[in-house]
Amino acid sequence: MRARITTLPGDGIGPEVTAEAVRVLQAVAAIHGYRFEFEEHAIGGVAIKQFGSPLPRATLDACLTSDAVLLGAVGSPEYDRVPPNQRPEAGLLLLRSALGGYANLRPAISFSSIAACSPLRTEIAYGADVLIVRELLGGLYFGQPRGNDSTTALNTMRYSVEEIERVARVAFEAARKRRGKVTSVDKANVLETSQLWRQTVTRVSQHYPDVTLEHLYVDACAMHLITNPRRFDVLLTENLFGDILSDEAAVITGSLGMLASASIGGEVGLYEPVHGSAPDITGTGTANPCGAIASAAMMLRHSFHLEQDASDIELAIEHVLEAGYRTPDIAKGTGGYVITTGEFGEVICEAVTEIADMRHAYHAV
Ligand code: NAD
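Here is what the cut-offs are and how they apply
Residues numbered from 1 in each chain as written. Predicted model: local features only at pLDDT ≥ 70, side-chain atom pairs only at ≥ 80, totals over all residues. Heavy atoms only, no water. Helix = DSSP H or I, 4+ residues; strand = E, 2+ residues; numbered from the N terminus. Contact = heavy atoms within 4.5 Å. Core = buried A, V, L, I, M, F, W, Y, C linked by side-chain atoms within 4.5 Å. Buried < 20%, exposed > 50% of the residue type's maximum accessible area, 1.4 Å probe, protein only. Pairing = 2+ DSSP bridges. Axes fitted to C-alpha atoms, helices over the stretch in contact; angles between N-to-C directions. Parallel < 35°, antiparallel > 145°, perpendicular 65-115°, else oblique. Left-handed = near helix turned anticlockwise from the far one by under 90°.

## Section: the environment of Ile 31
(1) Moving on: Along the chain, Ile 31 falls in helix α1 (residues 14-32).
(2) Moving on: Separated by 186 residues in sequence, Ile 31 and Tyr 217 have C-alpha atoms that sit 46 Å apart.

Right, dumping it as structure tokens:
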């Protein structure tokens, strides 16, 4: 197994958490004899400083010609007053659309050892494991016409059957490997785009008789997500609703630092933690690298089809949390010992190695 991975550490804590994700990928490569080649490039604020652009040509070219892209975070307070198209975040938006990943996957899992971190009551969050599949390249964020003439502003929500079908297939395939249920979210009682969404998802579901489909209005879904998150398996939704619901689902886990994401379906998969550059904790060694490490696991699963290795990393995260290791964001009310970002990466590598050794020993018996 050989793969070329472009790493884009970016700004703030981005380089700190990306370094740990790379360390874990290197551990997996060492265990199994894979050859992962990492090539680092600039994006966001650091790229503006070095090259005058939040997404330099060399960065984009490297991403487009690699097998997968691992990103840290972009954004810095020094660009807060700059127009949106010149900010670090513009680089990320350009990259996402250039890579063409139309399905954004965001798992939200309640780990029992840190369930007390969630603002939800433990008995509500406990055991929840939701995969949000959000359509990423259509809807209101991209629809034309759009504009603002200072007295009126306009955005367009537009979806084609093809755009809905392809993301729906991602959700049904994912549900097949999980608990076999898709909840499709829309606002079909009001919006024509949602009516087309519902009809199309229902039609796609006929190819997946082993998966149960339910439809839910977005407002009801928002309520169920925090009152009964365990009722969900895969949650499929369009761009705007997905943006809002996936942030809401983050409360299940208890810290932004835990959340991973994958943008797939295009030529090259993009893997990134959900959190931003966290300028308030940059350089303190307190950043939680779990979101970045879990994003690396998603890379192994979706770009390289290394399901077992992806599961090993996810299991290692769970074991390390159960063993009581914490970064400060997940320490409150959960006991355990606080360690640095780098130490956290190290214990995850050790756990990954132990899990792989145990599996080898089991197969050898
Ligand atoms: P943020 O996610 O950076 O931080 C929000 C809060 O969560 C902060 O208190 C931070 O310390 C904490 N936090 C975030 N990640 C953490 C981690 N791994 N471990 C421990 N604590 C963590 O969001 P923000 O403060 O609203 O934005 C800061 C900058 O990041 C802004 O410039 C914003 O535009 C940018 N941003 C980038 C992305 C991205 O790169 N995908 C996403 C969101 C925000």
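Still more ground to cover, so stick around.
## Observations concerning the side chain of His 275
(1) Moving on: Along the chain, His 275 turns up in the loop between β12 (269-273) and α10 (290-302).
(2) Moving on: For His 275, the contacting residues outside a window of four places in its chain are Ile 13, Val 17, Ala 73, Leu 256, Gly 257 and Asn 288.

## What to know about the nonpolar core
(1) Moving on: Residues Phe 36 and Ile 317 are the most contacted members of the largest nonpolar core, which totals 73 residues.
(2) Moving on: Element by element, the count of residues in this core is highest for α10, at nine residues.
(3) Moving on: If sequence neighbours within four positions are ignored, Ile 317 has contacts with Phe 111, Met 258, Cys 290, Ile 293, Ala 294 and Ile 348.
(4) Moving on: The next biggest cluster of nonpolar side chains, apart from the first, holds 18 residues, and it includes Ile 124, Val 130, Ile 132 and Val 218.

## Notes on the sheet that holds strand β2 (residues 35-40)
(1) Moving on: Ordered by their spatial adjacency, ten strands build an open sheet running β2-β1-β3-β12-β11-β4-β5-β10-β8-β9, and the pairing between neighbours is mixed. Each having just a single partner strand, β2 and β9 (212-217) make up the two edges of the open sheet. In this sheet, neighbouring strand axes are inclined to one another by 20 degrees on average, regardless of whether the strands run parallel or antiparallel.
(2) Moving on: Of the strand pairs in this sheet, strand β11 (residues 260-264) and β12 are connected by four bridges, and their pairing is antiparallel. Bridging across to β12, Ala 260 finds its partner in Pro 273.
(3) Moving on: Here helix α3 (residues 57-64) sits on the sheet in contact with β1 (2-10), β2 and β3 (68-73), set at roughly 145 degrees to β1.

## Here we look at the packing of α1 against helix α12 (residues 341-364)
Pairs of packed helices are described in terms of their axes, by the angle between the two and the distance that separates them.
(1) Moving on: Two elements in contact, α1 and α12, have axes separated by 9 Å at closest approach and are oriented at 20 degrees. One element, α1, and the other, α12, form an angle in the roughly parallel class. Two packed elements cross with a definite hand, and for α1 against α12 that hand is right-handed. Two secondary-structure elements touch here, α1 through Glu 16, Glu 20, Arg 23, Val 24, Ala 27, Val 28, Ile 31 and His 32 and α12 through Thr 341, Gly 342, Gly 345, Glu 346, Ile 348, Cys 349, Val 352, Thr 353, Ala 356 and His 360.

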